[in-house]
Amino acid sequence: MNKRFTGILTGLCLLGALPGCTTFDPYTGEEKTTNTAIGAGVGAGVAAVLAYLDNRDDDSRKRNQRILAAAAGGAAIGGGIGYYMDVQEAKLRKQLRGSGVSVERVGDNINLIMPGNITFATDSSNIASDFFPILDSVALVLKEYNRTLVVVGGHTDSDGAASYNQTLSEGRASSVTGYLSSQGILKDRLETVGFGESQPVASNSTAEGKQLNRRVEITLVPVESTT
């Protein structure tokens, strides 16, 4: 999905021109996007991840083949990619109920938005102690549904120099991918990217907005869609 199409859908959702753009998430108390539309704000994070993957110059096809070969014993995609991601999404919502993590669905991709109050202390890339159980819950589902690419994106608020924030966001994303790897997630599946302060989801003029912007997003992309 290209950025222009993403922007059009987001605008239509904001204007109320597309029915059912968002639905209420009973587990986190937040709105989530439906399978057919991108809601306002956080949907841009998925678009940024897909654009990043599109711009990579490595051989993604060979990596996907390695992922599929390693996933031979995992849950099959018998009902198609959409169904596979539907079931995975449902299990993630169950595992993350009450955790503060927002589970967003954009097409066949799943995005886990983890705000700053549960991930890292200010100006730190060390995983907060309360964040480990959340990552453990995510890892359980990732092990079962292992035909996905796992893109961990780090984000910061706009305080400080942009170059420093870029490095900090990369460090936070690396900490998460390192922990997921330690929990048995195949390294070929893990992709680390830092977005610095470039993808805010709230205003940086308030403390609450900055906390929302200091986040980690884990985007799950079915490997067939990246070939």
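Cut-off values and rules
- Residues numbered from 1 in each chain as written.
- Predicted model: local features only at pLDDT ≥ 70, side-chain atom pairs only at ≥ 80, totals over all residues.
- Heavy atoms only, no water.
- Helix = DSSP H or I, 4+ residues; strand = E, 2+ residues; numbered from the N terminus.
- Buried < 20%, exposed > 50% of the residue type's maximum accessible area, 1.4 Å probe, protein only.
- Contact = heavy atoms within 4.5 Å.
- Polar contact = N/O pair within 3.5 Å; in protein donor to acceptor, adjacent residues only side chain to side chain.
- pLDDT = per-residue confidence, 0-100.
- Phe/Tyr/Trp six-rings, centres within 6.5 Å; stacked < 30°, edge-to-face > 60°.
- Core = buried A, V, L, I, M, F, W, Y, C linked by side-chain atoms within 4.5 Å.
- Pairing = 2+ DSSP bridges.
- Axes fitted to C-alpha atoms, helices over the stretch in contact; angles between N-to-C directions.

**Regarding the overall build of the protein chain**
Okay, step 1: Per the secondary structure count, the protein chain includes seven helices and seven strands.
Okay, step 2: The order of helices and strands in the protein chain, counted from the N terminus, is α-β-β-α-α-α-β-β-α-β-α-β-α-β.
Okay, step 3: By residue count, 47% of the 227 residues in the protein chain fall in the buried class.
Okay, step 4: Summarising the internal contacts of the protein chain: among those between residues at least 6 apart in sequence, 73% fall at separations of at least 24.

**Overview of the side chain of Arg 105**
Okay, step 1: On the secondary structure map, Arg 105 appears in strand 3 (residues 102-106).
Okay, step 2: Here the side chain of Arg 105 touches Gly 82 through a polar contact of 3.4 Å, landing on its backbone oxygen.
Okay, step 3: Separated by 2.8 Å, the side chains of Arg 105 and Asp 86 make a polar contact.

**Some words on the confidence of the model for the protein chain**
Okay, step 1: Mean pLDDT over the protein chain works out to 79, with 71% of the residues at or above the 70 mark.
Okay, step 2: Across the protein chain, element-level confidence peaks in helix 6 (residues 162-182) with a mean pLDDT of 97 and bottoms out in helix 1 (residues 3-15) with 38.
Okay, step 3: Contacts for the low-pLDDT stretch residues 1-42, under 50 throughout, to residues beyond four places or in other chains number 69 contacts.

**Let's talk about the side chain of Asn 204**
Okay, step 1: Counting through the fold element by element, Asn 204 comes out in the loop between strand 6 (190-194) and helix 7 (207-213).
Okay, step 2: A distance of 2.9 Å separates a polar atom in the side chain of Asn 204 from a polar atom in the side chain of Asn 213.
Okay, step 3: Among residues more than four places away in sequence, those in contact with Asn 204 are Asp 157, Ser 158, Lys 210 and Asn 213.

**Describing the environment of Ile 185**
Okay, step 1: Tracing the chain through its elements places Ile 185 in the loop between helix 6 and strand 6.
Okay, step 2: Separated by 46 residues in sequence, Ile 185 and Ala 139 place their C-alpha atoms 7.1 Å apart.
Okay, step 3: Aside from chain neighbours lying at most four places away, what touches Ile 185 is Ala 139, Leu 142, Lys 143, Leu 180 and Leu 190.

**Quick look at the packing of aromatic side chains**
Okay, step 1: One pass over the full model with this rule turns up three aromatic pairs.
Okay, step 2: Ring geometry for Phe 120 versus Phe 131: centroids 6.1 Å apart, planes at 70°, classification edge-to-face. With a gap of eleven residues between them, Phe 120 in the loop between strand 4 (109-114) and helix 5 (131-144) and Phe 131 in helix 5 connect regions that are remote in the sequence. Comparing Phe 120 with Phe 131, the two get one shared label, buried.

**Comments concerning the nonpolar core**
Okay, step 1: In this structure, Leu 112, Met 114, Val 176, Leu 180 and Ile 218 are the most contacted members of the largest nonpolar core, which totals 31 residues.
Okay, step 2: Of all the secondary structure elements, the ones that give two or more residues to this core are helix 4 (81-95), strand 4, helix 5, strand 5 (148-154), helix 6 and strand 7 (216-222).
Okay, step 3: The element best represented in this core is helix 5, accounting for seven residues.
Okay, step 4: Those residues within four positions of Leu 180 in sequence are excluded, and the remaining contacts are Leu 135, Ala 139, Leu 142, Val 150, Val 152, Ile 185, Leu 190 and Ile 218.

**Some thoughts on the sheet that holds strand 5**
Sheet strands pair by backbone hydrogen bonding; their relative direction is either parallel or antiparallel.
Okay, step 1: If you trace the five strands from one edge of the open sheet to the other, you get 3-4-7-5-6, paired in mixed fashion. Each having just a single partner strand, strand 3 and strand 6 make up the two edges of the open sheet. Recorded for the sheet is a direction-independent mean angle of 20° between the axes of neighbouring strands.
Okay, step 2: Here five bridges tie strand 4 to strand 7, and the two strands are oriented antiparallel to one another. The residue bridging Met 114 from the neighbouring strand is Val 216, located in strand 7.
Okay, step 3: The strands touched by helix 4 within the sheet are strand 3, strand 4, strand 5 and strand 7, with strand 3 carrying the most contacts at an inclination of about 170°.
Okay, step 4: Across the sheet, helix 6 is in contact with strand 5, strand 6 and strand 7; its angle to strand 6 comes to roughly 165°.

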